[in-house]
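Fold and geometry: a report
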Amino acid sequence: MAGALVAGGWGLFAGAALLVGAAVGTLVRVPPRLIALLMAFGSGVLMAAVSFELIAEAYERSGMVPVVTGAVGGAVVYSGANALLARRGARHRKRSGEQQPSEEEAPGSGNAMALGALLDGVPESVVIGTSLLGGGHLGVATVGAVFISNLPEGLASAAGMRAAGRGRGYVFALWGGIAVVSGLAALAGYVLLGGVSAAVVATITAVAGGAILAMIADTMIPEAYGRVHLLTGPVTVIGFLSAFALAHL
């Protein structure tokens, strides 16, 4: 029980960054270029966490086959679900400008964006829980990467939602709910997968890694590049190296 609570607490902590970012994006006018730079930095941080903690850990647990099948499967499932949600109005859920549709323009788009936020956040949270299984240590870089990347995600999404005419109550309820679900997903990852084989845990970790990489490519980097263009690459590399250094402290 103690381990499950620890996993849930760290998942909630990482997810709470979405709410913090949403509060800033709702209450303060942050320059879109700064949001884009933060998004690029967060992309690099997440890439490092996926590379050096998720994929590497999955490989150490059970070899190459679970890594490849899991990561490809995670990317395909994420991209397919993301495409379906995009058709329902969630394509620009992480954009800070006026790209997001209002409910008048696209009825049901608010619900689609909420589902999109869940799609983005759950894989990250599950691996926080699985990292503690079997006496494993909590990946500081993973939690830090999720927290750091969630800040600009919440900030950009909230700014875009406000520009689309959605109220503060909607914004805070959405991201507060996602933060709670993040904690529950981490707890579930610990509890539900506690008795499974190393190969299954490795595959699920790789699935989450593939989904996160697809999410970075589909949603975070386009938002960054759309605003700061050629600065996206260097800032992403800085984020990558920052997480790499954190993982090796």
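Refer to the preceding data block for the structure.
Here's what I pulled together on the structure shown here. What you see is a predicted model, and the numbers here were worked out from it, not measured in a lab.

Cut-off values and rules
- Residues numbered from 1 in each chain as written.
- Predicted model: local features only at pLDDT ≥ 70, side-chain atom pairs only at ≥ 80, totals over all residues.
- Heavy atoms only, no water.
- Helix = DSSP H or I, 4+ residues; strand = E, 2+ residues; numbered from the N terminus.
- Contact = heavy atoms within 4.5 Å.
- Polar contact = N/O pair within 3.5 Å; in protein donor to acceptor, adjacent residues only side chain to side chain.
- Patch = residues over 30% accessible without salt bridge, like charges linked within 9 Å, V, L, I, M, F, W, Y side chains within 5 Å.
- Areas by Shrake-Rupley, 256 points an atom, 1.4 Å probe, with all protein chains shown as cover.
- Salt bridge = Lys/Arg side-chain N within 4 Å of Asp/Glu carboxyl O.
- Core = buried A, V, L, I, M, F, W, Y, C linked by side-chain atoms within 4.5 Å.
- Buried < 20%, exposed > 50% of the residue type's maximum accessible area, 1.4 Å probe, protein only.
- Axes fitted to C-alpha atoms, helices over the stretch in contact; angles between N-to-C directions.
- Parallel < 35°, antiparallel > 145°, perpendicular 65-115°, else oblique.
- Left-handed = near helix turned anticlockwise from the far one by under 90°.
- Nonpolar A, V, L, I, M, F, W, Y, C, P; charged D, E, K, R; others polar.
- Expected span 1.5 Å × (residues − 1).
- Bend = angle between axes of the 7 residues up to and from the residue.
- Phe/Tyr/Trp six-rings, centres within 6.5 Å; stacked < 30°, edge-to-face > 60°.

Turning our attention to the overall build of the protein chain. Within the protein chain, the regular secondary structure consists of eight helices and zero strands. Each helix and strand of the protein chain, placed in order from N terminus to C terminus, yields the pattern α-α-α-α-α-α-α-α. Looking at the protein chain alone, contacts between residues at least 24 apart form 85% of all its contacts between residues at least 6 apart.

This next bit is on the side chain of Thr219. Tracing the chain through its elements places Thr219 in helix H7 (residues 198-228). A distance of 2.7 Å separates a polar atom in the side chain of Thr219 from the backbone oxygen of Met215.

Once that is clear, we can look at a nonpolar patch on the surface. Taken together, the side chains of Tyr59, Met64, Val68, Val72 and Val76 present a nonpolar region at the surface, about 480 Å² in accessible area. Sort the elements by how many residues they give to the nonpolar patch and helix H3 (residues 64-90) lands first, with four residues. Looking at the element boundaries, Tyr59 is found in helix H2 (residues 32-62).

It is worth spelling out the nonpolar core at this point. Counting 32 residues, the largest nonpolar core has Leu46, Tyr78, Ile212, Met215 and Met220 as its most contacted members. Those elements giving two or more residues to this core turn out to be H2, H3, helix H4 (109-130), helix H5 (140-163), H7 and helix H8 (232-247).

Here the focus is the packing of H2 against H7. Two measures define how a pair of helices packs: the angle their axes make with one another and the distance between the axes. Where H2 contacts H7, the two axes come as close as 8 Å, and the packing angle between them is 160°. Considering the angle they form, H2 stands roughly antiparallel to H7. As H2 packs across H7, the resulting crossing turns out to be left-handed. Of the residues that constitute the contact of H2 with H7, the class distribution is 25 nonpolar, five polar and four charged.

With respect to the helices and strands, the residue Phe240 is situated in helix H8. Residues contacting Phe240, with those up to four places away along its chain left out, are Gly44, Val45, Met47, Ala48, Ser51 and Phe52.

Here we take up helix H6 (residues 168-192). Along its 25 residues, H6 runs 35 Å from first to last C-alpha, staying within 8% of the 36 Å computed at 1.5 Å per residue. Within H6, burial applies to Val171, Leu174, Trp175, Gly176, Ile178, Ala179, Ser182, Gly183, Ala185, Ala186 and Gly189.

For the rest of this paragraph, the subject is H2. Relative to the 45 Å expected for 31 residues at 1.5 Å per residue, H2 spans 43 Å between its end C-alpha atoms, a close match to the ideal helical length. Where H2 bends most, the angle comes to about 35°, and this point is Val50. Note on H2: the residue one or two positions beyond its end, Gly63, has a positive phi of about 90°.

What follows covers the packing of aromatic side chains. Here the structure, examined in full by the defined rule, presents four aromatic pairs. Counting every residue linked through ring pairs, the aromatic cluster contains Trp10, Phe13 and Phe147.

Our next topic: the environment of Val207. Among the secondary structure elements, Val207 is positioned in helix H7. Taking the C-alpha atoms as reference, Val207 lies 6.2 Å from Gly73; in sequence the two are 134 residues apart.

Overall, the coordinates contain one salt bridge when judged by the stated rule. Residue Arg61 pairs with Glu57 through a salt bridge whose shortest N-O separation is 3.1 Å. Here Arg61 pairs with Glu57, and both are found in helix H2, just four residues apart, close to one helical turn. For Glu57, a relative accessible area of 23% puts it in the partly exposed group.

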